[in-house]
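A look at the structure
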Amino acid sequence: MNGPIIFIEPLCRGFEHAQYNTPLIKSAALAYPGVPIIYIAEQTHLDHVRAMLASAAPEVNVDWQSIQLPPRDLAPVKRMKAEYALLRSVMDQGEQTRARAVIATSATDTATLAVKLILHRRKFPFPVLAVLHSVLAGLEDRTRSFAALRGIRLAISVPHPKGLQFIVPGRPIQEYLNAHFPEVAAHCRPLDHPSFWAAHEPAPLRPTAPVRFGFFGVSAVPGFDLVVQIARELKAEGCTAEFSMVGHLNHPDDPQRDYTAVPDASPKILTPVEYRSRAEQLTYALWTTRTHRSGLVASSTFLDTLSYIKPIIYLSNPLIDWYARDLGDIGYRCMDAEEMKALVRRLAAEPPGERYLRQCRTIQEGRRAFDPKVVGGILRTIIEETGRPA
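The following refers to the structure shown. (Residues numbered from 1 in each chain as written. Predicted model: local features only at pLDDT ≥ 70, side-chain atom pairs only at ≥ 80, totals over all residues. Heavy atoms only, no water.)

Moving on, we come to the sheet that holds strand β9 (residues 242-248). In spatial order, the strands read β9-β8-β10-β11-β12; together these five strands make up an open sheet with parallel pairing. Strands at the two margins of the open sheet, each flanked by one partner only, are β9 and β12 (331-334). On average, each strand axis in the sheet is tilted by 25° relative to the strand beside it, whichever way the strands run. Alignment of strand β10 (residues 284-287) against strand β11 (residues 312-315), held across three bridges, turns out to be parallel. Along β11, the bridge assignment pairs Leu286 with Ile313. Along the sheet, helix α11 (residues 318-327) contacts β10, β11 and β12; its crossing angle with β11, the most-contacted strand, is approximately 135°. Contacting β10 and β12, helix α13 (residues 354-366) runs over the sheet at an angle of about 95° to β12. (Pairing = 2+ DSSP bridges. Helix = DSSP H or I, 4+ residues; strand = E, 2+ residues; numbered from the N terminus. Axes fitted to C-alpha atoms, helices over the stretch in contact; angles between N-to-C directions. Contact = heavy atoms within 4.5 Å.)

Sheet faces and side chains relate simply in a regular strand, where the side chains alternate between the two faces. Where burial is concerned, the two faces of β10 agree: the one with Tyr284 and Leu286 and the one with Ala285 and Trp287 are both buried. As paired strands, strand β8 (residues 212-218) and β10 are joined by three bridges and run parallel to one another. Looking across to β10, one finds that Gly214 is bridged to Ala285. (Buried < 20%, exposed > 50% of the residue type's maximum accessible area, 1.4 Å probe, protein only.)

Positive phi values are uncommon outside glycine, yet His17 reaches one of about 60°. Structurally, His17 can be placed in the loop between β1 (5-8) and α1 (18-31). Given the relative accessible area of 28%, His17 is considered partly exposed. With a phi close to 55°, Ile309 is a non-glycine residue in the positive phi region. Relative to the helices and strands, Ile309 resides in the loop between α10 (300-307) and β11.

With the rule as written, the count across this model stands at 15 aromatic pairs. The interplanar angle of 50° and the centroid separation of 5.4 Å between the aromatic rings of Phe224 and Tyr259 together place this pair among those described as tilted. Pair noted here: Phe224 is in helix α8 (residues 224-237) and Tyr259 is in the loop between β9 and α9 (272-280), with a separation of 35 residues, a long-range link. The structure contains a cluster of three or more aromatic residues connected by ring pairs, namely Trp197, Phe302, Trp322, Tyr323 and Phe370. The ring of Phe124 carries Arg122 above its face, with NZ or CZ at 4.9 Å from the centroid. (Phe/Tyr/Trp six-rings, centres within 6.5 Å; stacked < 30°, edge-to-face > 60°. Lys NZ or Arg CZ within 6 Å of the ring centre and 35° of its normal.)

The next thing to look at is helix α3 (residues 76-96). For α3, with 21 residues, the first-to-last C-alpha span of 30 Å sits near the 30 Å given by 1.5 Å per residue. Of the positions making up α3, those classed as buried are Arg79, Met80, Glu83, Tyr84, Leu86, Leu87, Val90, Met91, Gln93 and Gly94. At its buried positions, α3 is contacted by β1, β2 (37-42), β3 (63-67), β4 (101-104), α4 (109-121) and β5 (128-131). At the C-terminal side of α3, Arg98 shows a positive phi close to 55°. (Expected span 1.5 Å × (residues − 1).)

So, on to the sheet that holds β3. Strand order in the open sheet made by the seven strands is β3-β2-β1-β4-β5-β6-β7, with parallel pairing throughout. In the strand order of this sheet, the two ends are held by β3 and β7 (188-190), each with one partner. Across the sheet, the axes of successive neighbouring strands diverge by a mean angle of 25°, strand direction being ignored. As judged from the four bridges shared by β1 and β4, these two strands associate in the parallel manner. The residue of β4 that forms the bridge with Phe7 is Ile103. Taken strand by strand, helix α2 (residues 43-56) contacts β2 and β3, and its axis lies near 135° from that of β2. In the packing of α3 onto the sheet, the strands contacted are β1, β2, β3, β4 and β5, and the crossing angle to β1 comes to about 170°.

In structure tokens:
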């Protein structure tokens, strides 16, 4: 097939997944020079992706196509029918344009089921790729009763059709699947989260400035409360550490919470300029999310720490443990909150030195794995191997 690469975003609105989908488009453009690219998405999401691409890769030409998405509060059966109709129309467009591939950049459990049913009922002359993001966390639903007969488990249980390839956003997720869900892993391929980098060199050291520790993300994500607790307790001790939030408050209980220990925490959504400014002023990033599901969910905030070349202080979890082993010394691993607090206390009293600079250099070198050119080469291999006759 010598037609376009067609991307369909069947789930996201607004800024959701824009930081993933935009460099993925760039990756495809590098993998297939001169091949037309079509991006189909809800209008507000499409606007975000188009603006990001215009800023980071203005040379990439895209045919932008706007669609209406089904409401998120639809009952599962109605949602699946709506997603079936949407995905089927995109595959029909792929056939009409002689597409090289159709790539669903995210998928709900019902969309995963819908694409399987479509491909069982009709064969298309191009490979179909579907990126599985947080929906994979449903595999670890420990609920008894009929849990095994619903959600992503139901979708996965349907026989896998030819021409379909699931993509998981990272090698550590693939290895976690290999170890815990081999029947799912057999139909998945890893593709590291492509990224554009905000910084090309580490920020200059400021030996006389206070050491600043920052949390990337929003307050609704589990973990920010721990950052606030550590900041409050260390402030009470007289520790000179500074704490910052590179993100905004969005938890419904925020108005009742005391965030004075993180003085810039605010419900105001940061502009790109404000976000960059806060990130650049950090010395270290704090990563405090630690759940059993971390082994199945990628993290754009982790990539922000790499993007701004900030060594990371993190609670042990499968995702960052894997990248720390693979990339090298990118920061400090802590087993619990007390160990993290003690480390922050010690680092606050030590101006960044030689080890800090080595960590920054390790991040610079290791993050090449997320470069769109590298990711694009892997994406092309996956497309060509998925489309290859058995």
